[in-house]
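Structure at a glance
The chain contents come next:
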Amino acid sequence: MGTSWSVIAHSPREIVDPKAVSESIAGLLATLDGRLSNWIDDSEVSRFNRATPSTWVPVSADTVAVVQAAMDVSARSGGAFDVTLGPLVDTWGFGPGGARAAPPPDREISGAGSLAGMTRLQVRDNPPALMKSIRGLGLDLGGIAKGYAVDQVAELLQGWGFTGYLVEIGGEVRARGERPGGGPWRVALETPPGTAAGTGPVIPLQGLAVATSGTYRNFFEADGRRYSHIIDPWHKFPVTHTLSAASVIADTAMLADAWATTMMVRGPEHARDLAIEQGLAVLLQYQDASGTRWETWSSPAWNALLPEQAPTPGSG
Ligand code: AMP
Ligand code: MG
């Protein structure tokens, strides 16, 4: 997944072999990478991306679960979240094909863009398999797989008997139980560069997950413009709005991850509407019109979860 992970966990009983625990986590993550990553040549996703259309390609239940969740978020977001953008993400230099120093030529954008489409993707539970209706359709689960992996690590820790843990992969976090010493875990949210260090909200987290997505995380600059890794599926272009970061709290890290990316696809105004319409707990960080000040907006569901941090009524 091209990122780091960390786990803090505790248990009332003595855990026999902490090293075995961390090895089991590393093993699980390697397995998931080998299923979900399009950066690994012989992963399930990479094999599916090369497969011929109109035949079922057997995959693991993990891959099916992630694709099904991606389809659900896609439908609920009006197509903003789209895991069939693989070839386009790659064309823009954010895939395994390698980075770019300048935007690709128009014909490459329209070529890769024409291969996308969630309706061209079919998923089956039993036996688990994927099918595409056109040659060249390619999955990129980069906006959701980290969250799924966090959830799976959480399950694993549960199995080891841990009663409190904080699991983090590349900024997507899930917490259960209490932190060592008591009380909910405290997670400091990432803030976009340019904000003073330590100014992000610190949120208490217990039994929930939080994910943050941001245009500042991965981008290139050319001719004074910034091109981010979040791709607008309608314009086939990196997003151009002023929203810098979106955080989402959800029951699972997978959903938090997918929705955080979706918010970044939509931009500040549409993301607000979507968060309210879908009842999602969302915090948006964006620049004001003059581009000099950072502003935040939190959804009603976010404010309900974190009443002590909600803006006071009337303050806007
Ligand atoms: P995240 O870091 O979770 O926000 O995910 C960002 C990654 O999601 C990008 O690097 C792409 O691999 C992928 N991505 C980009 N645009 C979209 C989109 N519109 N829908 C789903 N995934 C996307
Ligand atoms: Mg995401």
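Residues numbered from 1 in each chain as written. Chains lettered and ligands numbered in written order. Predicted model: local features only at pLDDT ≥ 70, side-chain atom pairs only at ≥ 80, totals over all residues. Heavy atoms only, no water.

**What about the pairing of strand 3 (residues 121–124)?**
Where strand 3 lies against strand 4 (residues 129–132), four bridges are found, and the strand directions are antiparallel. Counted as the bridge partner of Val123 is Leu130 from strand 4. Hairpin remark: strand 3 followed by strand 4, antiparallel, with four residues in the connecting loop. (Pairing = 2+ DSSP bridges. Helix = DSSP H or I, 4+ residues; strand = E, 2+ residues; numbered from the N terminus.)

**Section: the coordination of the magnesium ion (ligand 2)**
Ligation of the magnesium ion (ligand 2) by protein atoms is provided by Gly143 (O), Asp257 (O), Asp257 (OD) and Thr261 (OG1), these donors lying 1.9 to 2.5 Å from the ion. The sequence motif formed by the donor residues of the magnesium ion (ligand 2) is G-x113-D-x3-T. Of this pair, Gly143 sits in the loop between strand 4 and helix 6 (145–160) while Asp257 sits in helix 7 (residues 253–266), and the two are 114 residues apart along the sequence. (Donors = N, O, S within 2.8 Å, 3.2 Å for Na, K, Ca; no water.)

**Quick word on the site of ligand 1**
Ligand 1 sits among 17 residues. The nearest are Asp82, Asp140, Ser213, Ile231 and Thr261. At 2.5 Å, a side-chain N or O of Asp140 approaches an oxygen atom of ligand 1. The side chain of Thr261 places a nitrogen or oxygen atom 2.7 Å from an oxygen atom of ligand 1. Protein burial of ligand 1: of its 500 Å² of free accessible surface, 94% is covered by the chains. Considering every element that reaches the shell around ligand 1, the biggest residue donor is helix 7, with three residues. Its residues placed into classes, the shell around ligand 1 shows seven nonpolar, five polar and five charged. (Near = heavy atom within 4 Å. Polar contact = N/O pair within 3.5 Å; in protein donor to acceptor, adjacent residues only side chain to side chain. Areas by Shrake-Rupley, 256 points an atom, 1.4 Å probe, with all protein chains shown as cover. Nonpolar A, V, L, I, M, F, W, Y, C, P; charged D, E, K, R; others polar.)

**What to know about unusual backbone geometry**
Residue Pro127 is bonded to the preceding Asn126 through a cis peptide linkage, with omega at -5°. Although it is not a glycine, Ser54 adopts a positive phi angle of roughly 65°. One can find Ser54 in the loop between helix 2 (44–50) and strand 2 (57–58). Here the phi dihedral of Lys236 falls at roughly 65°; this positive angle occurs in a residue that is not glycine. Looking at the secondary structure, you find Lys236 in the loop between strand 12 (231–232) and strand 13 (237–238).

**A look at the nonpolar core**
Ranked by size, the top nonpolar core spans 64 residues in total, and within it Val83, Leu139, Leu141, Ile144, Leu157, Met263 and Leu284 carry the most contacts. Counting residues per element, this core draws most heavily on helix 7, which supplies nine residues. Residues Val173, Ala281, Trp302 and Leu306 belong to the second largest nonpolar core, which totals 15 residues. (Core = buried A, V, L, I, M, F, W, Y, C linked by side-chain atoms within 4.5 Å. Buried < 20%, exposed > 50% of the residue type's maximum accessible area, 1.4 Å probe, protein only.)

**Notes on the environment of Leu137**
Along the chain, the position of Leu137 falls in the loop between strand 4 and helix 6. Here the alpha-carbon distance between Leu137 and Phe48, two residues 89 residues apart in the chain, equals 8.9 Å. Among residues more than four places away in sequence, those in contact with Leu137 are Phe48, Asn49, Thr84, Leu115, Gly117, Arg120, Leu121 and Lys132. (Contact = heavy atoms within 4.5 Å.)

**A few points about the packing of aromatic side chains**
The way to describe two aromatic rings as a pair is by their centre distance and the angle between their planes. What the rule picks out here adds up to four aromatic pairs. Where Trp92 meets Tyr227, the ring centres are 5.7 Å apart and the plane angle is 20°; that geometry is what we call stacked. Of the two residues, Trp92 sits in the loop between helix 4 (86–91) and helix 5 (106–113) while Tyr227 sits in strand 11 (residues 225–228), which places them 135 residues apart along the sequence. By the burial criterion, Trp92 is buried, and Tyr227 matches it. Geometrically, the ring pair formed by Trp92 and Phe237 is edge-to-face, given 4.8 Å between the ring centres and 65° between the ring planes. Of this pair, Trp92 sits in the loop between helix 4 and helix 5 while Phe237 sits in strand 13; the two residues are 145 residues apart in sequence, bridging distant segments of the chain. The rings of Trp92, Phe94, Phe220, Tyr227 and Phe237 are connected pair by pair, giving a single aromatic cluster. Note that Arg124 overlies the ring of Trp56, its terminal NZ or CZ placed 4.6 Å from the centroid. It is Lys132 that lies over the ring of Phe48; its NZ or CZ is 5.1 Å from the centre. (Phe/Tyr/Trp six-rings, centres within 6.5 Å; stacked < 30°, edge-to-face > 60°. Lys NZ or Arg CZ within 6 Å of the ring centre and 35° of its normal.)

**A word on the sheet that holds strand 2**
Spatial ordering of the open sheet is given by 2-4-3, a layout of three strands whose pairing is antiparallel. One side of each edge strand has no neighbouring strand; the edge strands of this open sheet are strand 2 and strand 3. Lying over the sheet, helix 3 (residues 61–76) contacts strand 3 and strand 4, oriented at roughly 130° with respect to strand 3. (Axes fitted to C-alpha atoms, helices over the stretch in contact; angles between N-to-C directions.)

**What to know about the side chain of Asp62**
Checked against the element boundaries, Asp62 lands in helix 3. Exposure remark for Asp62: the relative accessible area of 12% places this residue in the buried category. Excluding residues that lie within four positions of it along the chain, Asp62 makes contacts with Leu32, Arg35, Leu36, Tyr148 and Gln152.

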